[in-house]
Amino acid sequence: MRHAMRCPKCDGQRIWLIEDFSSEDARRTSSGHPLFLVKSRGVDRAKADDFHGGNGRLDLVACDACGYAELWARGLEHLVHDPENGVHLFDHDPDRGPFR
């Protein structure tokens, strides 16, 4: 939906794009907190500028007609495979050979 700007459910053409989608601040004292893909985990600590910051951002794309919505991830280049902390990368690229 993000690229075609057309709803795959109802074929609607009025599409909302909310960049850096955020959750509401519980105290309603600010404009909210951005939703990160992971917070302080799955981070290459040697390369991270701010280890305690979030990695990856989510954009929300929503159809004005039917309300169907999708979350799109950005900023994945700084994530690392970190199964001990619940961050998993599954790579099924046939050119890389079998995963062992």
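Note that the structure is a prediction, hence the values are computed from the model and not measured.

1. A word on the pattern of salt bridges
Stage number 1. Taken as a whole and assessed by the stated rule, the structure comprises 5 salt bridges.
Stage number 2. The shortest N-O distance in the salt bridge between Asp 64 and Arg 14 comes to 3.0 Å. Here Asp 64, found in the loop between strand 5 (54-63) and strand 6 (69-74), pairs with Arg 14, found in the segment before strand 1 (15-18); they are 50 residues apart in sequence, far enough to count as distant.
Stage number 3. On the basis of relative accessibility, which here comes to 36%, the residue Asp 64 falls in the partly exposed class.
Stage number 4. Here Arg 14 falls in the exposed class, since its relative accessible area comes to 58%.

2. Quick word on unusual backbone geometry
For residues that are not glycine, phi is negative in most cases, and the peptide bond is trans in most cases.
Stage number 1. Residues other than glycine seldom take positive phi values, yet Asp 11 does so here, at roughly 70°.
Stage number 2. Along the chain, the position of Asp 11 falls in the segment before strand 1.
Stage number 3. When its relative accessible area of 46% is taken as the criterion, Asp 11 is described as partly exposed.
Stage number 4. For Asp 20, which is not glycine, the phi dihedral falls at a positive 50°.
Stage number 5. With respect to the secondary-structure elements, Asp 20 resides in the loop between strand 1 and strand 2 (22-23).
Stage number 6. The exposure class assigned to Asp 20 is partly exposed, which follows from its relative accessible area of 36%.

What counts and how
- Residues numbered from 1 in each chain as written.
- Predicted model: local features only at pLDDT ≥ 70, side-chain atom pairs only at ≥ 80, totals over all residues.
- Heavy atoms only, no water.
- Salt bridge = Lys/Arg side-chain N within 4 Å of Asp/Glu carboxyl O.
- Helix = DSSP H or I, 4+ residues; strand = E, 2+ residues; numbered from the N terminus.
- Buried < 20%, exposed > 50% of the residue type's maximum accessible area, 1.4 Å probe, protein only.

Remember that the coordinates give geometry; whether it matters functionally is a separate question.
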